[in-house]
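For reference, the chains in residue letters:
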Amino acid sequence: CSAFQRILSYMNATDGSFKMFRDDPKPSLWLSAFVVKIVKEATFGEWERDLFMPRELINKVVLYICSRQNETTGAFEPDDIEATYDRKMTLLESLKGDKLHAHPIPLTAYVLIALSDLQNYVSEEAAACRDTAVRNAANYLFNIVPEIKEVFHMAITTYALSLTQKRSPFETLWKMKRNDSDFLYFSEETSYENPYDFLNNVRYLKPRQELMNDAHAVQATAYALMAHMNSNLGTKVEREMMMAWLNTMRNSIGGFAATQDTILAMEAFLKFTQVDPHRNVFDLSTTVESTSSPSWAATFNLKKLDYIRLKTNSLPADKVWGFIVPNAQGTGRALLQLTTTVNVEYMWLQKKPMRPNNDPNEEPIKFFDLIVEDLRFSGRNDSIMEMTNCVSWLYTEKSLTSGLAVLEVDIPTGYVVMNDTLRDYVRSNRVPSLKRAEHYDRKVIFYFEYLDESKTCVYFRADRWFPVANATIQHRMRVYDYYEPGMHNTTLYTTRNLFLLNICFVCGSYQCPYCPYFNSATIMSAGFSVVLLMAATYFVQRLLLRNR
């Protein structure tokens, strides 16, 4: 329920549209279509007691979407003031000469997909306009297919038309497939395989390199996989090769590069499992052994009734080296993943961006520039931290500007930034492209509508709320494209003063009774005070006795 309430906080109550940012009044057609699709998925009969989705809400959003359709062509076109944040929704040819603007083909296909699922979820006026919008959008896409040149545009269009009565251009899409690896996928550029090496004639995988087209390739392949299942024109082997390729693109937490490609890939996996005959005879047992710990082994039993549950185990903490050797028996499908985490304090150990053509001999591509313009500490014992960071877009060979850009700044332990202060900073419009800022999980995060070659600087102040000393000397900063996180720049900044700070400076003398810096005194001064006190007491007593 709290998630649904948070969604509604981004809704324009007057027309039923949704906006990308709470403090930005501009409506987003793409986001409105995304929300109505998600709300429809949550309208599940068995969930109504716990999560009720009012039909009036869906009707209102659908009426707004219908109002945005071009009545002549049937296309859904963005407003002139409506920027797009995802470069996949643009025309690649236009990126080098202008900011990112949505193109009617992928936008119409996306809206058509959202509306196609709503046949039994809208009523009265919304139902009539929904039927008309679907019919006109399908006609527009069907007629414009010969003009489509880009892989993602063709993939999303093919899947959208497969949901209608129109014939989908499956054969045209299939001519765009890439099989330059052990699997099959769709992408405008090559998506390089997971790096690997051989040791004693055994092939082992290395950590996967983030690429600048990961999200693009995942979404295009997911749409192609769902179109493949709807058309029934391809082979079963092709379907399984796409599914296997998608699984190679997962990150360390089971998701994918970004949010949208993760949602779409999981939707494709769900549809795949519904047509997969193995689900009815699922019985798989997997044993994992480690060469570094001969006595250690883990067994995972996946049955028909619990195969969707995540099974995990941990290696001995002092023996994380060598090989992991899996052995599986039975019927079914499973994904085995090994995750290792290392904390580093040197720049040369930081994760680097993609290199041209993924050539290890080339220098990493410079997507963004990220510098610390100013870092100062004030207050008692450096209890106030003020920081100004500047970012800009460098990779103009790809596009004139970035998409939705995110700057993450890790702050030292014990420091806090108030979210109300950050929101007021956004509302002040001192940084026009800054649309959102928040603090959570020891990070200050800034969201920019886009970045260009000019320097964009943001400021924040953090206050020490918790007494922490001898803090980590290095802290991470990262700027990346929200919809293509492979385009990033990651660096470190140093707080040597906090690293050298003694706990007694942080706590104060009254909280540190055993800190010698604040509470010790020389023996001579202590002895003089005692002698003086004893002498004063002696003279007072003598005076009292004389008065008697």
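Computed from a predicted structure; not experimentally measured.

1. Remarks on the environment of Val61
Piece 1. Note that Val61 resides in helix H3 (residues 55-67).
Piece 2. As for Val61 and Phe142, which are separated by 81 residues in sequence, their C-alpha atoms are 25 Å apart.
Piece 3. In this structure Val61 touches Met11, Gly16, Phe18, Ser32 and Val36, once residues within four positions along its chain are discounted.

2. With respect to the state of the cysteines
Piece 1. Across all of its chains, the model carries two disulfides by this definition.
Piece 2. A sulfur-sulfur distance of 2.4 Å marks the disulfide that ties Cys66 to Cys129. Of note, the bridge from Cys66 to Cys129 carries an S-S torsion of about 75° and is right-handed in sense. You can see Cys66 sitting in helix H3 and its partner Cys129 sitting in helix H5 (residues 124-144), a full 63 residues away along the chain. Each member of the pair, Cys66 as well as Cys129, carries the same accessibility label: buried.

3. Side note on the side chain of Ser231
Piece 1. In this fold, Ser231 is placed in helix H8 (residues 214-231).
Piece 2. A polar contact is formed between the side chain of Ser231 and the backbone oxygen of His228, at a distance of 3.2 Å.

4. Looking at the UniProt feature "domain: Alpha-macroglobulin receptor-binding" (unreviewed entry) in the protein
Piece 1. The feature "domain: Alpha-macroglobulin receptor-binding" (unreviewed entry), as given by UniProt, occupies residues 402-493 in the numbering adopted here.
Piece 2. Helix makes up 10% of residues 402-493 and strand 52%. Its end C-alpha atoms lie 24 Å apart.

5. Looking at the sheet that holds strand E14 (residues 456-464)
Strand pairing in a sheet relies on backbone hydrogen bonds. The paired strands run either parallel or antiparallel.
Piece 1. The strand order across the open sheet formed by four strands is E8-E9-E14-E11, and the pairing between neighbours is antiparallel. Either end of the sheet is taken by a strand with one partner, and the two such strands are strand E8 (368-378) and strand E11 (415-416).
Piece 2. Pairing analysis gives 10 bridges linking E8 to strand E9 (residues 384-393), with the strands arranged antiparallel. Each residue of the ladder has a partner; that of Asp374, found in E9, is Thr388.

6. Quick notes on the pattern of salt bridges
Working definition: two side chains of opposite charge can pair if their charged atoms are close together.
Piece 1. Within the structure shown, the criterion is met by 25 salt bridges.
Piece 2. Glu373 serves as the salt-bridge partner of Lys455, at 3.6 Å between the closest nitrogen and oxygen. In this pair, Lys455 is assigned in the loop between strand E13 (443-448) and E14 and Glu373 in strand E8, connecting sequence segments 82 residues apart.
Piece 3. It is possible to trace a salt-bridge network through shared partners that takes in Asp23, Arg423 and Arg427.

7. Quick word on the sheet that holds strand E7 (residues 324-331)
Piece 1. The three strands lie next to each other as E6-E5-E7, forming an open sheet whose pairing is antiparallel. Of all strands in the sheet, those bounded by a partner on one side alone are strand E6 (293-303) and E7. On average, each strand axis in the sheet is inclined to that of its neighbour by 15°, with strand direction left out of account.
Piece 2. As paired strands, strand E5 (residues 283-290) and E7 are joined by eight bridges and run antiparallel to one another. Within E7, the position partnered with Val288 by the bridge is Pro326.

8. Some points on the pairing of E13
Piece 1. Within E13, six of the six residues are buried, which leaves the element mostly enclosed by the surrounding structure.
Piece 2. Burial along E13 is two-sided: the residues Lys443, Ile445 and Tyr447 and Val444, Phe446 and Phe448 are all buried.
Piece 3. Relative to E13, strand E10 (residues 405-410) runs antiparallel, the two being bridged by six bridges. Paired with Leu407 across the bridge in E13 is Phe446.
Piece 4. Taken together, strand E12 (residues 434-440) and the strand that follows it, E13, pair antiparallel across an intervening segment of two residues, in which Asp441 is found at a positive phi of about 55°.

Rules and cut-offs
- Residues numbered from 1 in each chain as written.
- Predicted model: local features only at pLDDT ≥ 70, side-chain atom pairs only at ≥ 80, totals over all residues.
- Heavy atoms only, no water.
- Helix = DSSP H or I, 4+ residues; strand = E, 2+ residues; numbered from the N terminus.
- Contact = heavy atoms within 4.5 Å.
- Disulfide = S-S within 2.5 Å.
- Buried < 20%, exposed > 50% of the residue type's maximum accessible area, 1.4 Å probe, protein only.
- Polar contact = N/O pair within 3.5 Å; in protein donor to acceptor, adjacent residues only side chain to side chain.
- UniProt positions renumbered as here; feature names shortened; annotations may be inferred.
- Pairing = 2+ DSSP bridges.
- Salt bridge = Lys/Arg side-chain N within 4 Å of Asp/Glu carboxyl O.
- Axes fitted to C-alpha atoms, helices over the stretch in contact; angles between N-to-C directions.

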